[in-house]
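Spelled out from the first residue to the last, the chains are:
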Amino acid sequence: MSLSRDLGLFDVTMIGIGAMIGAGIFGLTGIAAGVAGAVGVLVAFLLNGLATTLTGLTYAELGAAFPQAGGGYAWVREALPRVFGFYAGWLSWFSHSVACALYAVLFGTFFAELIELAGLEISDTDLALGLSAEELLVKALAVVAAIAFLMVNVRGSSETGLVGNVITLFKIVVLLTVVGFGIAALIDQPGWTDHFLRDPGPFPEGAGGVILAMGLTFVAFEGYEIIAQSGEEVVDPERNLPRAIFTAIAIVVVIYLAVAFVAVGAVQQDSGLPNWMYLGENGERAMIETARIIMPAGALVMILGGLASTMSALNATIYSSSRVSFAMGRDGDLPSVFGRIHFRNKTPHWAIWLSGLVVIAMAVLLPVVDVASGASITFLLLFLMVNAALIRLRKTHPDLPRPFRAPFVPWLQLLTIGIMLVLAVELARLSGIAWLVTIVWLLLGIFVYRRHGGAMEARTTGDTVLLEEATASTDYSVLVPVANNASARRLSHLGATLARANRGEVFALHVITVPRQIDLSDGRAFLAQGRVVVDEAVGVAAEHDVPVRTMVRLGRDAARSILTAAAERKADLLLMGWPGYMSRREHAFGSLTWVLAQNPPCDLAVVRFNRTGPLRRILVPVGGGPNARLALELAVAQADAAEEETGDRPDVVGLHLLLPSDHGIDHDQRRQELLHTLDIGAIPLDLQIVPTDEVVAGILAQAEGFDQVVIGASNEGLLEQSLFGSIPQQVAEAATANVIMAKRHDPVRFRLRNWLWARNGTRKGTAAR
């Protein structure tokens, strides 16, 4: 079973930046300033950037060496005893769930601010459990947001790569806009340096305050590991994964430092408090107040940026947490219910809902500081184990190809482990509740491991063969992508006919399109249904006594997967069914065919089945050129195969139409020109030349009484203008016979377009995260 890679450097870098610039910078900057002081918050962000880079070195090496492994959970499982692998997944699940709870609470906070900005007052009166009306509203909004995105993920909807990139760019623009207005405000304040140096000094809480701020905001630097988790989908992962990780970290650290700098230095307020203390007093609302003061409509801009950020982060962390718990359920580390996939949506619905319970519980029960601290603690412990895994893998896998090698192993990793431990322990001073919850979670993990992970370890046996591929060695291969049993039978019958005529093979391909809610490799859960489809094709090929090769392929984009299979296996003809109209009319033969026909790596034939029954008469409109020649070859090949199998040869009739502009042309002369141009003198063909006023109407009129029409792509080019040529399209729509549309492979254009795709990072056209 083979996988498809379609994320370029830009895409995967934007995934990392989008995950890192989450709600943390919008909601935690003020709290961190109140803990560390004016200069202390800048130092905390800078040191967090350095600590993140150290772990980034580890992720870069492991991500490039194991691009298919799926992140820290699998790496720790590979390097350390199974119990550590279990705890890596256990902590990863919890950390992403707690981070999701943080983003849900911050969403509620920003939405409540938007309500107040609209002029609706929210009472400060305590209502229940010591919470004010505003606090209860924030909690309720957090729950609503969490449930909404849980439903989105269960249904299988997610941000496409384009939408995700747009949201990420919007967040960057909002923050840079605040920075720009902040710098302008600094210029107008001659004594702005006093905000950093006035009593009680730049580090009012000393080094301890800086360390606390580092631990609290560490969750805001989390996200780059998602780059490594996407490794199996990245083009040239050995080169692009390390570059994406370090590029994302560098961009985010610079933005965070700039935001914190203007938040402390540019604000002019009359509370009598130093700016860093004023920011701390405003807590998670500090950035809204900062924007309100330094720029027009600043509060609204910051609220919208915060809402976009929290919604994007909510979707991403629900996806991440459920994916980890799904993988653990599949591997036996959690109850099997976590590993179940929804039959219709193909999403890990139980893993999503059960992760949602953790998210909602944390969002409702804990204040935002404790939620943020809990997320940071669990991420710190997870990254600690990943660094330990790198040290171990250097010893156990010394000959493993490592396109990127982290320097100074194990010393840098030991330093990083020490930093992670210090930050995690120091957070106990800020939030004892967060550490208490983490300890309870770790103890609960012991019980779960004894019931599931340890028991599964005792039952684990050898390797499992997922799919055996029968391959025949021939000189001609007809690639037949089959989506279901119905299409498999009809397409395979035609494919076998063409293969038999060319003494070749049928290459039956089934592509399992894997949704982004689960890892690409987890698509093997659908292997059984894919095997049934290709087995149908095998049976049809056997009826025709034609060799057959089968493949079940996983991918995010079916069109790209088919292209890759055709190129890798050097197919001679790609035979596809017409999937019909999509929502956009210009994609006349469906988006799948639209993508393929722009860059086919071999000859292409698209068939629309309009009738059933034996093949007796075939009409081939000809006008010159390689596509017309291919259409003739396909028609004659079918006639040859039918004659060999049944003894009766279908009639093949060539049709050349003369338009009014061709008035006066001698028919015999035109016939000789066509025989010479198409080199069809030896082909058994009845070539008819018929006058007509309009091409499509002429073809349809002559097609009456024929069982099949085989037509080459028009001179406009197959789908060159987002259509499969206007003439083939209209014939296929209106004809009552089966219609095959053919396009000859152009190797020069194929190489040129592949070069252009490579230059653009082989970018996707649909969705991500």
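Just so it is clear, the model here is predicted, and its values are computed rather than measured. (Residues numbered from 1 in each chain as written. Predicted model: local features only at pLDDT ≥ 70, side-chain atom pairs only at ≥ 80, totals over all residues. Heavy atoms only, no water.)

Enquirer: What am I meant to see in the overall build of the protein here?
Expert: Each helix and strand counted, the protein has 27 helices and 13 strands in total. Every one of the 769 residues in the protein was classed for burial, and the buried ones make up 57%. Residue pairs in contact within the protein that sit at least 24 positions apart in sequence constitute 82% of those at least 6 positions apart. Accessible surface, the protein: about 30,500 Å² in total, of which carbon and sulfur atoms supply 59%. (Helix = DSSP H or I, 4+ residues; strand = E, 2+ residues; numbered from the N terminus. Buried < 20%, exposed > 50% of the residue type's maximum accessible area, 1.4 Å probe, protein only. Contact = heavy atoms within 4.5 Å. Areas by Shrake-Rupley, 256 points an atom, 1.4 Å probe, with all protein chains shown as cover.)

Enquirer: Which parts of the structure should I look at to understand the pairing of strand 8 (residues 603-608)?
Expert: It is a general feature of regular strands that their side chains alternate between the two faces of the sheet. Most of strand 8 is tucked away: five of the six residues are buried. Inspection of the sheet shows strand 7 (residues 573-577) paired to strand 8 by five bridges, in the parallel sense. Residue pairing across strands places Leu573 opposite Asp603, the latter belonging to strand 8. (Pairing = 2+ DSSP bridges.)

Enquirer: For this particular structure, what's the right way to read the confidence of the model for the protein?
Expert: Regions with low pLDDT should not have their predicted coordinates read in detail. The predicted model of the protein averages 79 in pLDDT, with 82% of residues at 70 or higher. Per-element confidence in the protein is highest for strand 9 (residues 617-621), whose mean pLDDT is 92, and lowest for strand 1 (residues 2-3), whose mean pLDDT is 39. Low pLDDT, under 50, characterises residues 580-593; the stretch is placed with 38 contacts to residues that sit more than four places away or in other chains. Counting interchain partners and residues more than four positions distant, the pLDDT-below-50 stretch residues 749-769 has 49 contacts. (pLDDT = per-residue confidence, 0-100.)

Enquirer: Would you explain the pairing of strand 13 (residues 738-743) in this entry?
Expert: Among the six residues of strand 13, six are classified as buried, and the element is accordingly described as predominantly covered. Examined bridge by bridge, strand 8 and strand 13 share five bridges and lie antiparallel to one another. Residue pairing across strands places Arg608 opposite Val739, the latter belonging to strand 13. For strand 12 (residues 708-712) and strand 13, the ladder comprises five bridges, and the chain directions are parallel. Each bridged residue has a counterpart across the sheet, and for Gln708 the counterpart in strand 13 is Asn738.

Enquirer: How do you make sense of helix 19 (residues 485-501) when you look at a structure like this?
Expert: Spacing of three or four residues puts side chains on the same side of an α-helix, whose turn is 3.6 residues. In this model, helix 19 (17 residues) spans 24 Å end to end at C-alpha, consistent with the 24 Å of a helix rising 1.5 Å per residue. Along helix 19, the residues classified as buried are Ala488, Leu491, Ser492, Leu494, Gly495, Ala496, Thr497, Leu498, Ala499 and Arg500. Remark: Arg503 follows helix 19 within two positions and exhibits a positive phi of approximately 55°. (Expected span 1.5 Å × (residues − 1).)

Enquirer: When you look at the packing of aromatic side chains in this model, what are you seeing that I'm missing?
Expert: Describing an aromatic ring pair means giving the distance of the ring centres and the angle of the ring planes. Summed over all chains, the structure comprises 21 aromatic pairs. Each ring, one from Phe45 and one from Tyr256, has its centre 5.9 Å from the other, and the planes form 45°; the classification is tilted. Placement of Phe45 in helix 3 (residues 38-65) and of Tyr256 in helix 11 (residues 237-265) is noted, with a sequence separation of 211 residues between them. For the pair shown, Phe45 and Tyr256 are each scored as buried. On the numbers, 5.7 Å between centres and 70° between planes, the contact of Trp90 with Trp93 is edge-to-face. Placement of the pair is Trp90 and Trp93 together in helix 5 (residues 82-117), with a separation of three residues, close to one helical turn. Take Trp90 and Trp93: they sit in the same class, and that class is buried. (Phe/Tyr/Trp six-rings, centres within 6.5 Å; stacked < 30°, edge-to-face > 60°.)

Enquirer: Which parts of the structure should I look at to understand the environment of Trp411?
Expert: Mapped onto the fold, Trp411 is located in helix 17 (residues 411-430). Taking C-alpha positions, Trp411 is 9.3 Å from Ile391, a pair spaced 20 residues apart along the chain.

Enquirer: Mind showing me how you'd approach helix 13 (residues 286-294) here?
Expert: Among the nine residues that make up helix 13, seven are buried, leaving the element largely enclosed by the rest of the structure. Burial in helix 13 covers these residues: Ala286, Met287, Ile288, Glu289, Thr290, Ala291 and Ile294.

Enquirer: Honestly, a nonpolar patch on the surface in this entry has me stumped. Any pointers?
Expert: There is a patch of nonpolar side chains on the surface, built from Leu117, Phe170, Leu300 and Leu304 and spanning about 320 Å² of accessible area. When its relative accessible area of 35% is taken as the criterion, Leu300 is described as partly exposed. (Patch = residues over 30% accessible without salt bridge, like charges linked within 9 Å, V, L, I, M, F, W, Y side chains within 5 Å. Salt bridge = Lys/Arg side-chain N within 4 Å of Asp/Glu carboxyl O.)

Enquirer: Just to check I follow, could you spell out the nonpolar core for this structure?
Expert: Membership of the largest hydrophobic core comes to 157 residues, with the highest contact counts inside it found for Ile21, Trp90 and Leu102. Here the element with the most residues in this core is helix 5; it accounts for 19 residues. Ignoring anything within four residues of it in the chain, the contact list for Leu102 reads Leu28, Val219, Val368, Val371 and Ala372. Counting 37 residues, the second largest nonpolar core, distinct from the first, contains Leu573, Ala605, Val710 and Ile740. (Core = buried A, V, L, I, M, F, W, Y, C linked by side-chain atoms within 4.5 Å.)

Enquirer: For this particular structure, what's the right way to read the packing of helix 13 against helix 14 (residues 298-331)?
Expert: Each packed pair of helices is defined by two parameters, the angle between the axes and the distance between the axes. Helix 14 packs onto helix 13 with a crossing angle of 145° between their chain directions and a minimal axis gap of 7 Å. In terms of crossing hand, the pair formed by helix 13 and helix 14 is right-handed. Facing Met287, Ile288, Ala291 and Arg292 of helix 13, the residues of helix 14 in contact are Gly298, Ala299, Met302 and Ile303. A per-class count over the contact of helix 13 with helix 14 returns six nonpolar, one polar and one charged. (Axes fitted to C-alpha atoms, helices over the stretch in contact; angles between N-to-C directions. Left-handed = near helix turned anticlockwise from the far one by under 90°. Nonpolar A, V, L, I, M, F, W, Y, C, P; charged D, E, K, R; others polar.)

Enquirer: What exactly am I supposed to notice about the side chain of Thr692 here?
Expert: In this fold, Thr692 is placed in the loop between strand 11 (686-691) and helix 25 (695-703). Judged by its relative accessible area of 15%, Thr692 falls in the buried class. Setting aside chain neighbours within four positions, we find Thr692 in contact with Leu657, Leu658, Leu659, Pro660 and Gly698.

Enquirer: Sorry, what's going on with the pattern of salt bridges here?
Expert: Any two side chains of opposite charge can pair, given that their charged atoms come close. Applying the stated rule across the entire model yields 18 salt bridges. Across the salt bridge formed by Arg500 and Glu645, the nearest N and O atoms sit 3.8 Å from each other. Here Arg500 is found in helix 19, whereas its partner Glu645 is found in helix 23 (residues 626-646), with 145 residues between them in sequence. Overall, the relative accessible area of 39% leaves Glu645 in the partly exposed class. Between Asp603 and Arg744 there is a salt bridge, with its nearest N and O atoms 3.0 Å apart. Note that Asp603 is positioned in strand 8 and Arg744 in the loop between strand 13 and helix 27 (747-759), a separation of 141 residues in sequence. On the basis of relative accessibility, which here comes to 21%, the residue Arg744 falls in the partly exposed class. One salt-bridge network, in which partners are shared between bridges, spans Arg500, Arg503, Glu644 and Glu645.

Enquirer: Help me understand the packing of helix 19 against helix 23, please; the structure alone is not making it clear to me.
Expert: Where helix 19 contacts helix 23, the two axes come as close as 8 Å, and the packing angle between them is 85°. In this view, helix 19 runs roughly perpendicular relative to helix 23, as classed from their interaxial angle. The segment helix 19 lies against helix 23, with Leu494, Thr497, Leu498, Arg500 and Ala501 engaging Leu634, Ala637, Gln638, Ala641, Glu644 and Glu645. Of the residues belonging to the contact of helix 19 with helix 23, the class tally is six nonpolar, two polar and three charged. (Parallel < 35°, antiparallel > 145°, perpendicular 65-115°, else oblique.)

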